[in-house]
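Notes for the structure review
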Amino acid sequence: MLRIAVAGTPAERGRQYGRLAASRIVRAIDAYRDLFEHRAGLQWDEAVAHARTFVQPIGDFASDSLAEMHGIADGAGVPFDAVLALNCRSELMFAAARSRGETPPSECTSFAATPEATADGHMLLGQNWDWVPFARELSVLLEVRRHDKPSFATIVEAGMLAKVGMNDVGVGLCTNTLVSERDTNRQGVPYHIMLRALLGASSVEEGACILGSVDRALSANYLLADKSGKAVNFETIAGGAAEIHATQPEAGLIAHANHFCAPAFRPIDAFVQSSPHSLTRLDDISHELRESIPLSVERTQRVLRSHRHDPNGVCSHPDPAAHPMYARTTVASFVADLTATEFWFTDGPPCAVAYEAYRLPEKATQA
């Protein structure tokens, strides 16, 4: 996986990112142009026009993210609108797919294990990120060094601001796509912009405040944990603070897939009836985590290699019978020891490739 480190002002960071990942960003734009059209019946000019409607909500919530996207476009030599569309890809694709009566694709199985469930008393967090196969060729490990907010590292598709990751004060973030009947052309902060903001939190409590501070454009699940040993899972639907359901770990464990677990949200779940593998993945990872207590990094990595209910297991591989645009695979696997401020990741399904270790550098001092 291509590793990129950027620093400076938001615009400077963006230009560095765009320049270093230019070829992958261009490929990502081409790939999503095809995916929007094939999966959602959305032409590129329509996608761009829809993405532009999010500029003001993004600017009001996170002006640094808007500046960084402009920088990415400059560095990669691509239009700003194209980078904006990448960072709004969930809103564009999911709203259009839902309007056609199609079930949008799912992604990810995540977990957290608090100190009471781990062998060394550390806080562990992880997930398998599942998505369309082309995402594996586009993904980067992006390290963002900042003086004014926590620095962080995230595994994400080139040109996008954030996905799963960890910051240098020991806050970790995992996420799962959720699909509700209310995800139709809602205005608010896009999903991946919120992910980027959460990686700037100094604690789970601060992350909860960020999440509830603004209207969000799309349903999503956010699993946040920090080095103090606290973990909270936040199921959200499009909307503001009232549309969030927080869940604490039980017996030191919490896990999530791509369906709503909160009783208030289950009736509006628009995914699970047509794609019940989310239920089996959650059952599988929950069972295997319990059976592996006391957990270690190595044991959680083994859990994330599970092939029960293949090809839709926790470790996922493309169904040979599926169209490439409808296929699903584990793009990357991620396990973080937040107590040690270190994580391990794979470039592809964890059953096929070894985990690589990564540690964020110590925070730089302002010159």
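In this report, the structure presented in the accompanying data block is examined. (Residues numbered from 1 in each chain as written. Predicted model: local features only at pLDDT ≥ 70, side-chain atom pairs only at ≥ 80, totals over all residues. Heavy atoms only, no water.)

Our next topic: the packing of aromatic side chains. All told, the structure shown has eight aromatic pairs when counted by the stated rule. Taking the centre distance of 6.2 Å and the plane angle of 15 degrees together, the rings of F36 and W44 count as stacked. Just as F36 is buried, W44 falls in that class too. The structure contains a cluster of three or more aromatic residues connected by ring pairs, namely Y32, F36, W44 and F134. It is R33 that lies over the ring of W44; its NZ or CZ is 4.7 Å from the centre. (Phe/Tyr/Trp six-rings, centres within 6.5 Å; stacked < 30°, edge-to-face > 60°. Buried < 20%, exposed > 50% of the residue type's maximum accessible area, 1.4 Å probe, protein only. Lys NZ or Arg CZ within 6 Å of the ring centre and 35° of its normal.)

So, on to the pairing of strand β6 (residues 164–167). Alternating residues of β6 divide into V164 and M166 and G165 and N167, and every residue in both groups is buried. Here four bridges tie strand β5 (residues 152–157) to β6, and the two strands are oriented antiparallel to one another. Within β6, the position partnered with F152 by the bridge is N167. As paired strands, β6 and strand β7 (residues 171–177) are joined by two bridges and run antiparallel to one another. For G165, the partnering residue across the bridge sits in β7 and is L173. Hairpin connection, β6 to β7: the antiparallel pair is bridged by three residues, and G170 has positive phi, about 85 degrees. (Helix = DSSP H or I, 4+ residues; strand = E, 2+ residues; numbered from the N terminus. Pairing = 2+ DSSP bridges.)

Another point: helix α6 (residues 80–87). Among the eight residues in α6, seven count as buried, and that is most of the element. Buried residues of α6: F80, A82, V83, L84, A85, L86 and N87, and no others.

In this section: the pattern of salt bridges. Within the structure shown, the criterion is met by eleven salt bridges. Two residues, R308 and D284, come together in a salt bridge whose shortest N-O distance is 3.6 Å. Linking R308 in the loop between α12 (297–303) and β12 (329–337) with D284 in helix α11 (residues 277–291), this pair joins segments that are 24 residues apart in sequence. Among the residues examined, R308 registers a relative accessible area of 41% and is labelled partly exposed. A residue is classified by how much of its surface remains accessible, and D284, at 2% relative accessible area, is buried. Salt-bridge contacts for E342 lead to R359; the nearest nitrogen and oxygen are separated by 3.1 Å. Here R359 lies in strand β14 (residues 356–359) and E342 lies in strand β13 (residues 342–347), a separation of 17 residues in the sequence. Owing to a relative accessible area of 17%, E342 belongs among the buried residues under this scheme. Judged by relative accessible area, R359 falls into the partly exposed class, the value being 47%. One continuous salt-bridge network, built from bridges that share partners, spans R13, E68 and R196. (Salt bridge = Lys/Arg side-chain N within 4 Å of Asp/Glu carboxyl O.)

Here the focus is the sheet that holds strand β8 (residues 220–226). Through backbone hydrogen bonds, the strands of a sheet pair up, either in parallel or in antiparallel fashion. In spatial order, the strands read β1-β4-β5-β6-β7-β8-β9-β10; together these eight strands make up an open sheet with mixed pairing. Here the strands that pair on one side only, and so sit at the sheet edges, are β1 (2–7) and β10 (244–247). Here the average twist between neighbouring strands, direction ignored, is 20 degrees. (Axes fitted to C-alpha atoms, helices over the stretch in contact; angles between N-to-C directions.)

Burial analysis of strand β2 (residues 109–113) places five of its five residues in the buried class, which makes it a mostly covered element. What you see with β2 is no split at all: T109, F111 and A113 on one side and S110 and A112 on the other are buried throughout. Here β2 pairs with strand β3 (residues 124–131) via five bridges, running antiparallel. In the sheet register, A112 faces β3, and the bridge partner there is L125. Here β2 pairs with strand β11 (residues 253–256) via four bridges, running antiparallel. Note on β11: the bridge partner recorded for A113 is L253.

For the structure shown, the criterion picks out zero disulfides. Not engaged in a disulfide, the cysteine C108 finds its nearest cysteine sulfur in C174; these two sulfurs lie 8.6 Å apart. Among the residues examined, C108 registers a relative accessible area of 1% and is labelled buried. (Disulfide = S-S within 2.5 Å.)

Attention now goes to the packing of helix α9 (residues 191–198) against helix α10 (residues 204–211). Viewed as axis vectors pointing N to C, α9 and α10 meet at an angle of 150 degrees, and their least axial separation amounts to 10 Å. Between α9 and α10, the angle falls in the class roughly antiparallel. The way α9 lies across α10 gives a crossing that is right-handed. Of the residues in α10, those touching α9 at M194, A197 and L198 are G207, I210 and L211. The class makeup of the residues in the contact of α9 with α10 is five nonpolar, one polar and no charged. (Parallel < 35°, antiparallel > 145°, perpendicular 65-115°, else oblique. Left-handed = near helix turned anticlockwise from the far one by under 90°. Contact = heavy atoms within 4.5 Å. Nonpolar A, V, L, I, M, F, W, Y, C, P; charged D, E, K, R; others polar.)

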